[in-house]
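Commentary on secondary and tertiary structure
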Amino acid sequence: MISLKEVEKVYRTEEIETLALSGINLEIDEGEFVSVMGPSGSGKSTLLNVIGLLDEPSKGSVLLAGETIQGLPDRDQARIRNQQVGFIFQTFHLISDLNVIDNVEIPLLYRHLASFERRSLALRALERVGLASRVRHFPSQLSGGQQQRVAIARAIVGQPRVLLADEPTGNLDSQMGEEIMKILMGLNEDEKTTIVMVTHDARLAEKTERIVRLFDGRQVN
Amino acid sequence: MLRNYIKMSLKVLRRRPFFTFISLFAIGFTLTALTTSAALIDHTLAPMPPETMLDRTLGIYHMTAKGETVQVNSNPGYKLLDRCIHDLPGTEMVTVFSSAGSVNSYLAGRKIESHMKRTDGAYWKVMHFDFLEGHPYTEDDDRNANFVAVINERTRREFFGNTNAVGKTIEADGQRFRVTGVVADVPIYRNNPFADIWVPIRTAKNDHYRSEYSGGFTGLILARSRAAFPEIRREFQARVSQIDLADLELPGVQVLSARPETYTEAASREILGTPVEKTRTAYLYACFAGLMVLFMLLPTISLININVSRILERASEIGVRKAFGASKFTLVAQFVTENVILTLLGGTIAFIASWGILAGFTWLGVVPYAQFSPNLRIFAVALAIALFFGVFSGVYPAWKMSRLHPVDALRGTTL
Ligand SMILES: Nc1ncnc2c1ncn2[C@@H]1O[C@H](COP(=O)(O)OP(=O)(O)OP(=O)(O)O)[C@@H](O)[C@H]1O
Ligand SMILES: [Mg+2]
């Protein structure tokens, strides 16, 4: 499903070069639930961004669902992001001008769907995360856990094959974290969605099938 | 897809009332001011009844007599016009008439103030007045110095209430006239047709005007076409230069000049204060255009500013949308739609506002007898300009933002 070969990512600022990722080789099969661990600054977010087409690797190749990503025109990259990947961010990144259901509908806007179809898919995704009663609220009117559940609904509404979650529980208390984890594991089991999750929480990581550890941009085992 | 953009835009605009208000205010205010002032200018200068043939009309509005010790600048006198204006080449008709003078009438102890013009009979053919009743007086009426008059609606109301006036007599300036016709009111800023009462020139109380070269009169020349303008001007000025300066009864005058001008040339001479020989309408229009640009510049720049900062502020939204599958094109289209909707809303407000303001002017009688209405042509141009800037100011930052990698946009990187 996901295949990285000799991936390197260098950030260049005026004076310093940061090697955020180096020599990463990673195969993740369809339906796997993988967690990524490592100290702060070790390149976990960078790895996830590269997989999810939010950032470009400096070297190496990334294959997602059998397609090589590098060098694809903007339109095709947009299509892959839209159809294959669902992203969950540590800081939620909900659009504050839009209410819950409009936020959840965003991925569907870029597909050719009638508005009632979008509505019903979004409602189903919100039911899945237990937020069907809050569809008219704006993000600022929700708790952190509720916001993250909206973000999960947004990530799964388009039924992507891959979910990428960057510290989805990082900003939540442990009870809320457990709940989010339960939702993710349910998706992995029922839908066979491939999930890659960055986390600092060893207890959560243990529940996944495999742990990828990073240190200074390199894989360690 | 467009419907989605529009819905999305309306949602965003509603969620940001302050931004929306500021933008609408800037767009609305600018367009209102432009449309209103353009309508006022248009009303003053464009051909419209009664001056339907203004674009092929030349006027002698001004004469200069100069010497070392004297200088006379005024409108021409009757004698100057009478000697030079007739039988010019390429001419269909000419008319000579006095400036509107203030006259008083007394009706059952009540004083009525009016503006009175003394005109020849051709005046009514060069200008197309809207006659509510009766008809104009003729060349014969003038030749025979018949005491007849055409009055406007206001004067009819003042003298006769709501009844007909034709055949009845009015007293004005100590003379009595029989009314032959009643015309619709003409606004005061249309110099040539404006008056309350029109009577034949030869009903004047004395003959002095017949020997005067300066003061009190205007001549209009209706050319067969604008192509005849240069020849008419040349011939007229040649005739003026042949006038025996001794005849002016103004010792010391060495040069006498008068130049047939179009109405806009005369207006630009008056407004810009340039000498007759140098006046070009282009100056006036350049001034108007310059003022317009100046006036639009500030709101436009601030609009662009608001737009740019608004889009920068929404960097993370752009990041989110990209992360979930928005292409560059989609993003640009969305922001442009927002701007276009804003501009069109502002335009609608502006149109209603300027219509209201002009209707208010008309209703309050700020300018006597004026019937203002918005100038659609200018409004369309201004709206097009606003749209252009709206689109431009939206496209550029949106395009730059959409080129960012989603991570950078999400982080809220500025351009
Ligand atoms: N845009 C950038 N410009 C320069 N350096 C960057 C940029 N983004 C990340 N880095 C650097 O790349 C390295 C990896 O960053 P990354 O965000 O992937 O770490 P992380 O493992 O996600 O850390 P954390 O657990 O704190 O989120 C860090 O040293 C960071 O400073
Ligand atoms: Mg991180």
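Conventions used here
Residues numbered from 1 in each chain as written. Chains lettered and ligands numbered in written order. Predicted model: local features only at pLDDT ≥ 70, side-chain atom pairs only at ≥ 80, totals over all residues. Heavy atoms only, no water. Contact = heavy atoms within 4.5 Å. Buried area = accessible area lost by both parts, 1.4 Å probe. Salt bridge = Lys/Arg side-chain N within 4 Å of Asp/Glu carboxyl O. Polar contact = N/O pair within 3.5 Å; in protein donor to acceptor, adjacent residues only side chain to side chain. Helix = DSSP H or I, 4+ residues; strand = E, 2+ residues; numbered from the N terminus. Nonpolar A, V, L, I, M, F, W, Y, C, P; charged D, E, K, R; others polar. Near = heavy atom within 4 Å. Areas by Shrake-Rupley, 256 points an atom, 1.4 Å probe, with all protein chains shown as cover. Axes fitted to C-alpha atoms, helices over the stretch in contact; angles between N-to-C directions. Left-handed = near helix turned anticlockwise from the far one by under 90°. Domains from an automatic or database assignment. Pairing = 2+ DSSP bridges. Buried < 20%, exposed > 50% of the residue type's maximum accessible area, 1.4 Å probe, protein only.

1. With respect to the interface of chain A and chain B
The accessible area lost on association of the parts is a frequent measure of interface size. Taken residue by residue, the interface counts 28 residues in chain A and 26 residues in chain B. Contact with chain B buries area across many residues of chain A, yet A:Leu54, A:Asp97 and A:Tyr110 alone supply 25% of it, more than any other trio. At the junction of chain A and chain B, the tally comes to two salt bridges. B:Lys11 is the salt-bridge partner of A:Asp102, the closest N and O atoms lying 2.9 Å from each other. In this structure, the connection of chain A to chain B is made through eight residue pairs in polar contact (both at pLDDT 80 or more). Of all elements in the fold, only helix 2 (74-84), strand 6 (85-88), helix 3 (100-109), helix 4 (115-128) and helix 5 (144-156) of chain A reach the threshold of two or more residues within the side of chain A that touches chain B. Sorting elements by how many residues they give to the side of chain A that touches chain B places helix 2 of chain A first, with five residues. Grouping the constituent residues of the side of chain A that touches chain B by class yields 13 nonpolar, six polar and nine charged.

2. Observations concerning the site of ligand 1
In the vicinity of ligand 1 lie 14 residues, with A:Ser40, A:Gly41, A:Lys44, A:Ser45 and A:Thr46 positioned nearest. Ligand 1 sits at the junction of chains A and B, each of which supplies nearby residues. With respect to ligand 1, the side chain of A:His200 contributes an N or O atom lying 3.3 Å from an oxygen atom. Measuring from a nitrogen atom of ligand 1, one finds a side-chain N or O atom of B:Arg411 at 2.9 Å. In the complex, 68% of the free accessible area of ligand 1, which totals 630 Å², lies under the protein chains. Secondary-structure elements contributing two or more residues to the shell around ligand 1 are strand 2 (17-28) and helix 1 (44-51) of chain A.

3. What to know about the packing of helix 3 of chain A against helix 4 of chain A
Geometry of a packed helix pair, given as the angle between the helix axes and the separation of the axes. All names here are of chain A. Contact geometry of helix 3 with helix 4 gives a least axis separation of 9 Å together with a crossing angle of 115°. Considering how the two elements wind past one another, helix 3 and helix 4 form a crossing that is right-handed. Facing helix 3, whose interface residues are Val-100, Ile-101, Asp-102, Val-104, Glu-105, Leu-108 and Leu-109, helix 4 presents Arg-118, Arg-119, Leu-121, Ala-122, Leu-123, Ala-125 and Leu-126. Of the residues in the contact of helix 3 with helix 4, the class split is 10 nonpolar, no polar and four charged.

4. Brief notes about the domain arrangement of chain B
All names here are of chain B. The assigned domain composition of chain B is domain 1 (2-46 + 283-410) and domain 2 (62-260). Centre-to-centre separation of domain 1 and domain 2, based on C-alpha positions: 48 Å. Opposite the 10 residues of domain 1 that make contact, domain 2 presents 10 residues. For the pair domain 1 and domain 2, the summed buried surface comes to about 740 Å²; carbon and sulfur atoms form 57% of the total. Applying the counting rule to domain 1 against domain 2 returns three residue pairs in polar contact (both at pLDDT 80 or more). Residues that form the side of domain 1 that touches domain 2 fall into these classes: seven nonpolar, two polar and one charged.

5. Focus on the sheet that holds strand 8 (residues 194-198) of chain A
Residues and elements named next belong to chain A. Across the sheet, which stays open at both edges, the six strands sit in the order 6-7-8-3-9-10 with mixed pairing between neighbours. The open sheet has two edge strands, strand 6 and strand 10 (218-220), and neither has a second partner. Averaged over neighbouring strand pairs, the angle between their axes works out to 25° when direction is ignored. With four bridges connecting them, strand 3 (residues 33-37) and strand 9 (residues 210-215) associate as parallel partners. Across the sheet, residue Val-36 finds its bridge partner in strand 9, namely Val-212. Across the sheet, helix 1 is in contact with strand 3, strand 6, strand 7 (162-166), strand 8 and strand 9; its angle to strand 7 comes to roughly 155°.

6. Considering helix 1 of chain A
Residues and elements named next belong to chain A. A large share of helix 1 lies buried, amounting to seven of its eight residues. Listed as buried for helix 1 are Lys-44, Thr-46, Leu-47, Leu-48, Asn-49, Val-50 and Ile-51. At the C-terminal side of helix 1, Leu-53 shows a positive phi close to 65°.

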